Amino acid sequence: MRFEPPLHRGRLLRRYKRFLADVDVDGEVQTLHCPNTGAMTGCADPGSEAWFSVSADPRRKYPGTLEVVCTPWGRVGVNTSVANALVAEAIGADRLPELAGYPTAFREVAIPGERGRFDFCLGGRSQPCWVEVKSLTLRLDDGAGAFPDAVSERALRHVRALEARQRAGERAVLLFCVQHTGIRCASPADHIHPAYGAALRAAAGLGVEVLAYGCRIERDEISLTTPLPVRL
């Protein structure tokens, strides 16, 4: 996923009201849209270098979008919508071996028999492959990554829905898009949402596949790179 022109740089002053962030750009304060509903623990510290894109759409109240925060432990992609775009790009380029070989790929597909949607449905084989993508940015002290960074009933529903598809004889995959260059493995955040961790381990025990991929983060491009170990 390329940024043209490359992302602008500033200094993060604060993140507030969930969807807003103020940055200092050469002495001028600019308010940016912050597309992240999570706690952003460890990646919203005032004074951090912040990278942002600027939209030319005149209808936008805040043309700038906060994309990356640079921390002492690595660069963090804080725009959660980027995760799906990165996975879609990688699937289209056949760069995810675990998800290769499906003739069709549809995005934002309704979950059969339930409310909500999965991020992807890969088809063209005897059974579909359902894929749910989660952006992981919470880094623990030992360098492990944990999800979620706040209690998320929506994420819990997705795990249970994946388990239901697995029980129905279909393939179900949860993919952590690790948008933090300082994270070396992925795990459930039991200390934040223990029910999620328990549900994820139960689903994995029944055959739901849990994958994690790291990201390369530069001012002109973010891309999925190498698989990371998952610790359940």
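Here, the structure is the one placed above.
Being a predicted model, the structure only gives us computed values, none of them experimental. (Residues numbered from 1 in each chain as written. Predicted model: local features only at pLDDT ≥ 70, side-chain atom pairs only at ≥ 80, totals over all residues. Heavy atoms only, no water.)

Enquirer: Kindly report on the overall build of the chain, identifying the contributing residues and their values.
Expert: On a plain count of helices and strands, the chain comes out with 3 helices and 15 strands. Against the 2.2 N^0.38 benchmark of 17 Å for 232 residues, the chain shows a C-alpha radius of gyration of 18 Å, consistent with a compact globule. Counting contacts in the chain only where the partners sit at least 6 residues apart, residues at least 24 apart contribute 61% of the total. Element-wise, carbon and sulfur atoms account for 50% of the exposed surface of the chain, whose accessible area totals about 10,800 Å². Taking the 29 positively charged and 27 negatively charged side chains of the chain as two groups, their mean positions are separated by 3 Å. (Helix = DSSP H or I, 4+ residues; strand = E, 2+ residues; numbered from the N terminus. Rg over C-alpha atoms; globule rule 2.2 N^0.38 Å. Contact = heavy atoms within 4.5 Å. Areas by Shrake-Rupley, 256 points an atom, 1.4 Å probe, with all protein chains shown as cover. Lys, Arg positive; Asp, Glu negative; His and termini not counted. Charge placed at Lys NZ, Arg CZ, Asp CG, Glu CD.)

Enquirer: Describe the pairing of strand β9 (residues 129-136), listing the residues and the values that go with them.
Expert: Along β9, 8 of the 8 residues are buried, which leaves the element largely enclosed by surrounding structure. Summarising the sheet, strand β8 (residues 117-123) and β9 pair through 3 bridges and their orientation is antiparallel. In the sheet register, F120 faces β9, and the bridge partner there is V131. As consecutive antiparallel partners, β8 and β9 are separated by 5 residues, and within that stretch G124 has a phi angle of approximately 100 degrees, a positive value. Bridge count for β9 against strand β12 (residues 171-178) is 8 bridges, and the pairing is parallel. In the strand pairing of β12, C129 is matched with R171. (Buried < 20%, exposed > 50% of the residue type's maximum accessible area, 1.4 Å probe, protein only. Pairing = 2+ DSSP bridges.)

Enquirer: Tell me what's going on with the pattern of salt bridges, and back it up with residues and numbers.
Expert: Under the counting rule described, the total for this entry stands at 13 salt bridges. Put simply, E132 and K134 hold a salt bridge, and the shortest N to O gap is 3.1 Å. For E132, a relative accessible area of 1% corresponds to the buried category. Two residues, E163 and R167, come together in a salt bridge whose shortest N-O distance is 3.1 Å. Here the residue E163 and the residue R167 both occupy positions in helix α2 (residues 153-167), the gap between them amounting to 4 residues, near one helical turn. Overall, R167 belongs to the exposed group, its relative accessible area being 59%. (Salt bridge = Lys/Arg side-chain N within 4 Å of Asp/Glu carboxyl O.)

Enquirer: Tell me about the nonpolar core, and name the residues and values.
Expert: Counting 28 residues, the largest nonpolar core has V87, L96, L99, L122, V131 and L224 as the members making the most contacts within it. Where this core is concerned, the elements lending two or more residues are β5 (64-71), α1 (81-92), β8, β9, β12, β14 (209-217) and β15 (222-227). Residue contacts for V87: discarding those within four places in its chain leaves L96, F120, V133, L175 and L224. (Core = buried A, V, L, I, M, F, W, Y, C linked by side-chain atoms within 4.5 Å.)

Enquirer: Explain the environment of T225 residue by residue, including any values.
Expert: Turning to its location among the elements, T225 is positioned in strand β15. Judged by its relative accessible area of 38%, T225 falls in the partly exposed class. C-alpha of T225 to C-alpha of A90: the two residues are 135 residues apart in sequence and 9.4 Å apart in space. Setting aside anything within four residues of it in sequence, one finds T225 in contact with Y213, G214, C215 and R216.

Enquirer: So what about the environment of P58? Which residues, and what values?
Expert: Along the chain, P58 turns up in the loop between β4 (49-54) and β5. Exposure remark for P58: the relative accessible area of 76% places this residue in the exposed category.

Enquirer: Describe unusual backbone geometry, listing the residues and the values that go with them.
Expert: Cis geometry is adopted by the peptide bond preceding P5, which originates at E4 and carries an omega value of 0 degrees. Locating P5 in the fold gives a position in the segment before β1 (8-16). The amide bond that connects F147 to the next residue, P148, takes the cis arrangement and shows omega of 0 degrees. Inspection of the secondary structure assignment puts P148 in the loop between β11 (144-147) and α2.

Enquirer: Describe the sheet that holds β11, and please don't skip the residues or the numbers.
Expert: Reading across from one edge, β10-β11-β13 is the order of the 3 strands in this open sheet, with mixed pairing throughout. With partners counted over all chains shown, the strands left at the sheet margins are β10 (138-139) and β13 (185-188), one partner each.

Enquirer: So what's going on with the packing of α2 against helix α3 (residues 194-205)? Residues and values would help.
Expert: Where α2 meets α3, the closest approach of the two axes is 9 Å, and the angle between their N-to-C directions is 15 degrees. In terms of their interaxial angle, α2 and α3 are classed as roughly parallel. α3 is crossed by α2, and the crossing has left-handed handedness. Contacts between α2 and α3 involve A155, L156, V159, R160 and E163 on the former and, on the latter, A195, Y196, A199, L200, A202 and A203. Grouping the constituent residues of the contact of α2 with α3 by class yields 9 nonpolar, no polar and 2 charged. (Axes fitted to C-alpha atoms, helices over the stretch in contact; angles between N-to-C directions. Parallel < 35°, antiparallel > 145°, perpendicular 65-115°, else oblique. Left-handed = near helix turned anticlockwise from the far one by under 90°. Nonpolar A, V, L, I, M, F, W, Y, C, P; charged D, E, K, R; others polar.)

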